[in-house]
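These are the residues of each chain, in order.
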Amino acid sequence: MNFFRGVMGGQAAGPQPSGAETIQKLCDRVASSTLLEDRRDAVRALKSLSKKYRLEVGTQAMDHLINILQTDRSDSEILGYALDTLYNIICNDEEEEQDENAQKHADDLGAQFTEAFIQDSEHITLLLTLLEEFDFHVRWPGVKLLTALLKNQGAQVQGIILVSPMGVSRLMDLLADSREVIRNDGLLLLQQLTKGNAAIQKIVAFENAFERLLDIITEEGSSDGGIVVEDCLLLLLNLLKNNSSNQNFFKEGSYIQRMKPWFEVGDDNSGWSAQKVTNLHLMLQLVRVMVSPVNPPGATASCQKSMFQCGLLQQLCTILMATGVPADILTETINTVSEVIRGSQINQDYFASVNAPSNPPRPAIVVLLMSMVNERQPFVLRCAVLYCFQCFLYKNQKGQGEIVATLLPSTIDANSISAGQLLCGGLFSADSLSNWCAAVALAHALQDNLTQKEQLLRVQLATSLGKPPVSLLQQCTNILSQGSKVQTRVGLLMLLCTWINNCPIAVTHFLHNQENVPFLTAQISENLGEDERLVQGLCALLLGICIYYNDNSLENYTKEKLKQLIEKRIGKENFVEKLGFITKHELYSRAAQKPQPVFPSPEQMLFDHEFTKLVKELEGVITKAVHKSSEEEKKEEEVKKTLEQHDNIVTQYKELIREQDAQIQELKEQMASMSCQNEQMQTTITQQLSQIQQHKDQYNILKLKLGKENLSQSHSQGDGSHVNGLQTEELIQLRDELEELRNQHTLLQKQLSDKDSLISSLRSEAAQTCEGSSGGSDNTELLQELENLRSQVQAQSADISQLKTENQDLIRRAESPGAAPSTDSSSDTAKIAELEGRLAAQTSETEKLEEEVKGRREGRAELEQQLASATSTVAILKTEKAKLQTEVQESKKEQDDLLMLLADQDQKIHNLKQRLKDLGEMVEDEDDLDARDQTDEDEDEDEDEED
């Protein structure tokens, strides 16, 4: 007990042991004690000493503590002490009072202990198992320990957790813990776990992390929430940044729609807390991650479309135009809106329609440009507005036309401020940063748009009273020649290079001013300081563009004369060296990395991202154009014309082959379609044959029934020959019935003669059809059945005649003078009634037979018509098949001829290329040209999809 009193701070007699000795004794106690209470007290003592004697506890007690975790799983208290002790020796707590060297030493110590702990991967697996314990005293220190391990040796620990069974799933369960302390520390653990590991990011995302994190953000109050919302947003950024798989999963899960409520701000935006500003800043970054320009274009376009459809873009524009929003949030919102609309025509059109809540209402673009050209606004805000304007014009020829139109004389409105007026004002203001921003913005209005480059040549500016107006192009060169600040001149030179690039008309306008070329040559040939080298390089680029895109319309400044001027005044080597100054500038590579203009200070704002692409494209071709002689250019032009002619011939043949291939494919499809129709017709004929067989069976059954009824009627006909003594009324009734029977008999005779003629015609048709079709036997059977029906009708007619004779006999006997009435009147009445019933039954049976004959006749006519149609269809198909085969043979023959022609053309092209190579010219192979054409076609298709 004296030992523990010494450890725990009690007074003990004799000299006090050192820290290392005390820790050694405690370690021995942990290793050798059999009682759980003794081991628990020893571990508790080690925990209390672990911060002060971190090195000693780490080196001596780590193995014993790990052994405690493995053996004493049943006691949560000793597990908690052991985990806390390990956390104290591994964690690098940053203390303000420590100097830099002491903090570095502590960091190294934590990394060493972490490396010792993870040498055996089973230790991490053991720690993951302990995290399944629900006891707070075990789970919480386990979470903190694993977080510290990930901070010190993230990649190694991530690799162990990744291969551990259900390792990531166990950590995801921490988000569902009802105790906020564990849940919040679980968020910090997952932040460290997902840093820089795409595989773990995907697993965490598919463990329903997005749903859980968004639920936590909503529960905590969204942007008004505390530090927990910030942690959730940081974890979401880890999961989504540079991970296209998780971004697609986030979009497909409709989680973009759940981001919209985050940006709902009220009318009173004063007094934002620092935490709310941080949360909203991270939320905006999360939106930007989904639409970043570095993402695949298809994924970015899909997210932009979703953000417009769910109203997120509209909500961001509301924040953009709101009052009282903090400056850094406003800046980040502008950057976010920029990337949401970049390259998306629908979003760009919506942004163009947004108006600021002013009186009178002004377009949002105009309000933003007013901030950009205002030198009192913060530098980062002005950069954000420039980026927004660039994104609005990116691949947006409609927007470019609208901006340029505000500068044209016919559209200028003196009562309102337009975007063009603001750009011109910024271009010629005294602030060099405004000059640069306005020049770059105007250059983006001309990017890859030949129409607007030509339209901008019409712009005239009134410089002062009494002087004629000058063109915008001339005013830019005038300011350039006045020797203003470097930033201003760089901006104007970038504007001019973009303007006249790939526009011969603009080149002619620029060269038409007699002062421009001498000014450029003077600037390039001078030996100026380091700051002026960039201006010299840009002047060389501008002069090179005038050579490369010169249409030789001006006699004094043709391509050849400009090259002679460079050779005399500057020197070709010196010109190329000055041109190379641009790409060697330290700020050039920084601007070429990403589209957003991010500069540490206004003085370093010299290059635009799109302009770096232009320089990279033109530097090589301008160098070649300057070094070529006139004879070489003529030869090259001749060869180009010849190659173009051959290329046109080859292109025509290719188009012809494509058309023939399309025709062959179409004929094949027609053939397949007709084959399918033929199969369908065969199936239909088979079905109809089966239906005919069913009708035959039904007819046989009806015929059997009819025979039985006729047999029963023939047995009962002899009972009516003894009728005598009929009453006068009954005789009248019998006469009426007899008259009706006569009429029916006449009608039946007529119908019977019609049926005879029909049967005769059917027999002749059947005889003709039997020769060319497989259905002859069926028609013969049908004729036999019709013959049977005819015999039955004749038998019924005989019965009717017999009945008529009996009735006449009865009438004659009734009218004789000596006849006496019979005493059996009741029996006579019954017989007469029976006779009437038999007559009625016979009549109904006759009508049924007539209807059946009529139905059979119609069915047979339909079958004959279908059979004839099928026969004609087969004949047509055979004819078309023969035609198609003939056309295919002809197409193959034409293709063989074309291939021979192509071979001849290829041989000629090869000879011409060989001649060019002999002359020392660089000639690209056809495969390179085809690959370039394919690349251009793919880019055009990508642009169409994004539009």
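Residues numbered from 1 in each chain as written. Predicted model: local features only at pLDDT ≥ 70, side-chain atom pairs only at ≥ 80, totals over all residues. Heavy atoms only, no water.

K.L.:
Give me the lowdown on the side chain of Gln390, citing residues and values where you can.
P.N.:
You can see Gln390 is positioned in helix α22 (residues 379-393). Beyond its immediate stretch of four places on either side in the chain, Gln390 contacts Val440, His444, Pro595, Pro597 and Asp608. (Helix = DSSP H or I, 4+ residues; strand = E, 2+ residues; numbered from the N terminus. Contact = heavy atoms within 4.5 Å.)

K.L.:
Explain the packing of helix α12 (residues 198-206) against helix α15 (residues 244-252) to me, using residue names and the numbers behind them.
P.N.:
Axis separation between α12 and α15 bottoms out at 9 Å; the angle between their running directions is 15°. In terms of axis orientation, α12 runs roughly parallel to α15. Taken as a pair, α12 and α15 cross one another with a handedness that is left-handed. Together, Gln201, Lys202, Ala205 and Phe206 of α12 and Ser245, Asn246 and Phe249 of α15 make up the contact between the two elements. Its residues placed into classes, the contact of α12 with α15 shows 3 nonpolar, 3 polar and 1 charged. (Axes fitted to C-alpha atoms, helices over the stretch in contact; angles between N-to-C directions. Parallel < 35°, antiparallel > 145°, perpendicular 65-115°, else oblique. Left-handed = near helix turned anticlockwise from the far one by under 90°. Nonpolar A, V, L, I, M, F, W, Y, C, P; charged D, E, K, R; others polar.)

K.L.:
Describe in detail the pattern of salt bridges, supporting the description with residues and values.
P.N.:
Enumeration over the complete set of coordinates arrives at 22 salt bridges. Across the salt bridge formed by Asp72 and Arg39, the nearest N and O atoms sit 3.0 Å from each other. With Asp72 in the loop between α4 (54-71) and α5 (76-90) and Arg39 in helix α3 (residues 36-49), the pair connects residues that are 33 residues apart, well separated along the chain. Here Asp72 matches Arg39 in class, with each residue buried. (Salt bridge = Lys/Arg side-chain N within 4 Å of Asp/Glu carboxyl O. Buried < 20%, exposed > 50% of the residue type's maximum accessible area, 1.4 Å probe, protein only.)

K.L.:
Mind laying out the environment of Asp448, listing which residues take part and the relevant values?
P.N.:
Here Asp448 is to be found in the loop between α25 (432-446) and α26 (450-456). In this structure Asp448 comes out as exposed when scored by relative accessible area, which is 66%. Residues Asp448 and Trp499, spaced 51 residues apart in sequence, show a C-alpha to C-alpha distance of 9.4 Å.

K.L.:
Tell me about unusual backbone geometry, residues and numbers included.
P.N.:
Positive phi values are uncommon outside glycine, yet Ser222 reaches one of about 55°. Position of Ser222 relative to the elements: it lies in the loop between α13 (209-219) and α14 (227-240). The class for Ser222 is buried, based on a relative accessible area of 16%. Residues other than glycine seldom take positive phi values, yet Asn552 does so here, at roughly 60°.

K.L.:
If you had to explain the packing of α3 against α5 to someone new, which residues and values would you point to?
P.N.:
Each pair of packed helices can be summarised by the angle the axes make with each other and by the distance between the axes. It is the contact of α3 with α5, at a shortest axis distance of 9 Å, that shows an interaxial angle of 25°. On the basis of the axis angle, α3 is roughly parallel to α5. In the crossing of α3 with α5, the sense of the turn from one axis to the other is left-handed. Residues Leu36, Arg39, Arg40, Val43, Arg44, Leu46 and Lys47 of α3 pack against Glu77, Ile78, Tyr81, Ala82, Asp84, Thr85 and Asn88 of α5. Among the residues forming the contact of α3 with α5, the class breakdown is 6 nonpolar, 2 polar and 6 charged.

K.L.:
So, the nonpolar core: which residues are in play, and what are the values?
P.N.:
Across soluble globular proteins, you tend to see nonpolar side chains buried next to one another. Ranked by internal contacts, the top residues of the largest apolar core, which has 208 residues, are Leu146, Leu171, Trp262, Phe263, Phe351 and Leu541. For this core, the element with the most residues is α22, which contributes 12 residues. Formed by 7 residues, the second largest nonpolar core is a distinct cluster that contains Leu643, Val650, Leu898 and Leu902. (Core = buried A, V, L, I, M, F, W, Y, C linked by side-chain atoms within 4.5 Å.)

K.L.:
Quick rundown of the packing of aromatic side chains? Include the residues and the values.
P.N.:
Summed over the entire model, instances satisfying the criterion amount to 11 aromatic pairs. Ring centres 4.6 Å apart and planes at 35° place the aromatic pair Phe206 and Phe249 in the tilted group. Placement of Phe206 in helix α12 and of Phe249 in helix α15 is noted, with a sequence separation of 43 residues between them. The exposure class of Phe206 is exposed, given its relative accessible area of 53%. Between Trp436 and Phe599, the ring centres sit 6.3 Å apart and the planes meet at 85°, which makes this aromatic pair edge-to-face. Residue Trp436 is located in helix α25, and its partner Phe599 is located in the loop between α34 (586-591) and α35 (609-627); the two are separated by 163 residues in the primary sequence. Pairwise contacts between aromatic rings join Phe206, Phe210, Phe249, Phe250 and Tyr255 into one cluster. The ring centre of Trp272 lies 4.6 Å from the NZ or CZ of Lys276, which sits over that ring. (Phe/Tyr/Trp six-rings, centres within 6.5 Å; stacked < 30°, edge-to-face > 60°. Lys NZ or Arg CZ within 6 Å of the ring centre and 35° of its normal.)

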